[in-house]
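# Structural overview for review
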Amino acid sequence: MPSAEMFDMALLYILLLAAIALGWTLGYRFANQAKKTDYPDWIPSVDYILAESNDASLEKLLKVDHIDDDSVDLFLKLGKSLRDKGEIDRAMHLHQRLFARADLDRSVIHSIQLELAYDYSAAGLLDRAERILRELLEAKGHNNERVAALLIELLEEEGEWRDILELYTSKKLPGGVELGRRVAHAACELAERSLKKGEYLEVQKLCRQSLKIDGRCARAHVVSGNLAYGQQEYREAVRCYLKAAETDQQAVVRTLDKMIDAFTKLNDAEGLLAQLQKQWSDSHYIPALTAFIETLATEKNSSDAAVRLLKELESSPSNQGFLTLAELVVTHRQSLDKSQLLQVYDILRRIVAAEPKFVCSNCGFKAKEPHWRCPSCKDWATVKAYVPQPPISK
Ligand SMILES: [Zn+2]
């Protein structure tokens with residue numbers, strides 16, 4: 001074995017390892033800068049290795065006669081570490097030079113191309129990144145899932161929803177729950193666009209497609225509901241909104257207003273009350289509680305509404321809930337008896353006890369005790385009395 005070549009390889013390993021280790025150390029140090037600001041300045045950085053000891057040393061590394069799998073891994077880690085530090089041009093240069101080598105095998109080339117795609121995407125060269133990723137996807141290499149995920153991310157950035165759906169329908173994407181969820185949302189984006197343009201058949205088609213791709217996509221039910229609502233088909237709208245809530249309890253934040261209106265148009269107060277109660281207890285979305293109490297006060301009587309609201313506030317106290325209580329008193333002229341007032345007093349006392357009394361003006365850390373030194377950011381005399389957001393004056 002020629003010793004010169006072995007020496008080259010050994011040197012390559014050491015330099016790469018040092019560069020990567022220092023890159024990580026630096027990253028760690030920056031993350032902990034607040035704790036530790038002085039460190040010995042004799043430790044060189046990746047920048048130093050690649051800049052001060054000039055680009056020639058990188059060229060030298062790249063010109064080594066033979067690169068085996070382990071050193072490829074190291075090169076790729078070095079490239080990633082450069083990119084993470086914002087040295088995108090250098091990362092790109094490194095990857096391009098590796099890519100130009102004729103002695104690497106296919107799977108290695110694929111890994112390098114993927115890194116190049118990450119570089120281009122970080123540099124804002126989205127077209128170039130997209131071209132590489134599409135090529136890689138066709139090649140169906142070992143990193144196909146990462147390729148697909150990055151390509152979809154780019155297309156999402158560019159709002160190319162149709163392209164995403166086409167990748168899926170032409171069976172170019174690897175399977176997987178996460179990708180399916182994203183494709184289903186792409187279909188919903190298209191459906192919402194079509195809804196705005198009044199292409200109703202297209203909306204229905206896309207919503208069905210979205211649900212076929214991902215049965216857990218509540219958004220498809222929401223869009224279907226909005227389509228029906230827009231066409232004054234309130235029964236159908238309600239059906240879709242309930243389906244959405246069944247699929248995802250948080251869907252109520254998207255459907256509440258239209259759902260209330262649809263039930264009202266159908267003259268179905270009982271149905272509305274049952275749904276509001278259920279969706280409030282499933283989602284804990286306070287506007288659902290507010291709507292439930294208001295409907296109860298209007299449709300039944302305000303005394304029941306007050307009893308019910310106090311019961312809910314006891315387990316989930318909120319300012320918005322108290323506002324609703326005040327509205328019962330003001331708008332519906334509902335008075336509270338002595339035991340109800342005691343109940344209000346007790347709930348408010350618990351809210352105040354849970355409130356922070358002090359807050360750090362430097363990092364926002366909230367505390368119940370005063371501190372000279374902030375336990376979070378370690379700064380001195382920054383913990384001040386907590387002042388709740390001052391109300392906007394009329
Ligand atoms: Zn602090």
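Fair warning: this is a prediction, and the values are worked out from it, not measured in the lab.

### Let's talk about the overall build of the protein
Across its full length, the protein carries 19 helices and three strands. In the protein, 51% of the contacts between residues at least 6 apart in sequence involve partners at least 24 apart.

### Considering the sheet that holds strand β1 (residues 358-360)
In space, the three strands of this open sheet follow the order β2-β1-β3, with antiparallel pairing throughout. The open sheet has two edge strands with one neighbour each: β2 (366-367) and β3 (383-385). The sheet contact formed by β1 and β2 spans two bridges and is antiparallel. If you follow F358 over to β2, its bridge partner there is A367.

### Let's talk about helix α6 (residues 106-122)
Given 3.6 residues to a turn, an α-helix orients residues that are three or four positions apart in the same direction. Helix length check: α6 (17 residues) gives 24 Å between terminal C-alpha atoms against 24 Å at 1.5 Å per residue, within 8%. Counting buried positions along α6 gives 13 out of 17 residues, so the element sits mostly inside the fold. Following α6 by one or two positions, G124 has its phi on the positive side, about 80 degrees.

### Some remarks on unusual backbone geometry
The phi angle at K171 is positive, at roughly 55 degrees, despite the residue not being glycine. Among the structural elements, K171 can be located in the loop between α9 (161-169) and α10 (177-197).

### Thoughts on the packing of helix α12 (residues 218-230) against helix α13 (residues 234-247)
For the pair α12 and α13, the least separation of the axes is 8 Å and the interaxial angle reads 165 degrees. By the angle between their directions, the pair α12 and α13 is classed as roughly antiparallel. With respect to the hand of their crossing, α12 and α13 are arranged in left-handed fashion. Only Y234, E236, A237, C240, Y241, K243, A244 and T247 of α13 make contact with α12, whose side of the interface consists of A218, H221, V222, S224, G225, A228 and Y229. Tallied by class, the residues present in the contact of α12 with α13 amount to nine nonpolar, four polar and two charged.

### Comments concerning the nonpolar core
Counting residues in each nonpolar core, the largest one holds 83 residues, and the members touching the most others are A117, I164, V183 and A187. With eight residues, α10 is the largest single contributor of residues to this core. Those residues in contact with V183 that sit more than four places away from it in its chain are I164, L165, Y168 and I213.

### Regarding the environment of Q232
Topologically, Q232 is positioned in the loop between α12 and α13. In this structure the C-alpha to C-alpha distance between Q232 and K265, which are 33 residues apart in sequence, comes to 9.1 Å.

### Here's the deal with the packing of helix α7 (residues 126-139) against helix α8 (residues 144-157)
The geometry of α7 relative to α8 is characterised by a closest axis approach of 9 Å and an angle of 145 degrees between their N-to-C directions. The two elements α7 and α8 cross, and the hand of that crossing is left-handed. Seen from α7, the contacting residues are L126, A129, E130, L133, R134, L136 and L137; seen from α8, they are N144, V147, A148, L150, L151, L154 and E157. Grouping the constituent residues of the contact of α7 with α8 by class yields ten nonpolar, one polar and three charged.

### Thoughts on the confidence of the model for the protein
Chain-level pLDDT for the protein is 84 on average; 84% of the residues reach the 70-or-more range. Helix α1 (residues 3-31) is the least confidently modelled element of the protein, averaging 52 in pLDDT, while α12 averages 97, the highest of any element. The model gives residues 22-45 a pLDDT under 50, and that stretch makes 14 contacts with residues more than four places away or in other chains.

### Let's talk about the environment of A228
Within the secondary structure layout, A228 lies in helix α12. You can call A228 buried: it has 22 C-beta atoms within 10 Å. In this structure, the C-alpha to C-alpha distance between A228 and R239, residues eleven residues apart in sequence, is 9.7 Å. Those residues in contact with A228, other than ones at most four positions away along the chain, are E233, E236, A237 and C240.

The rules we used
- Residues numbered from 1 in each chain as written.
- Predicted model: local features only at pLDDT ≥ 70, side-chain atom pairs only at ≥ 80, totals over all residues.
- Helix = DSSP H or I, 4+ residues; strand = E, 2+ residues; numbered from the N terminus.
- Contact = placed C-beta atoms within 7 Å.
- Pairing = 2+ DSSP bridges.
- Expected span 1.5 Å × (residues − 1).
- Buried ≥ 20, exposed ≤ 12 C-beta atoms within 10 Å, placed from the backbone.
- Axes fitted to C-alpha atoms, helices over the stretch in contact; angles between N-to-C directions.
- Parallel < 35°, antiparallel > 145°, perpendicular 65-115°, else oblique.
- Left-handed = near helix turned anticlockwise from the far one by under 90°.
- Nonpolar A, V, L, I, M, F, W, Y, C, P; charged D, E, K, R; others polar.
- Core = buried A, V, L, I, M, F, W, Y, C linked by C-beta atoms within 7 Å.
- pLDDT = per-residue confidence, 0-100.

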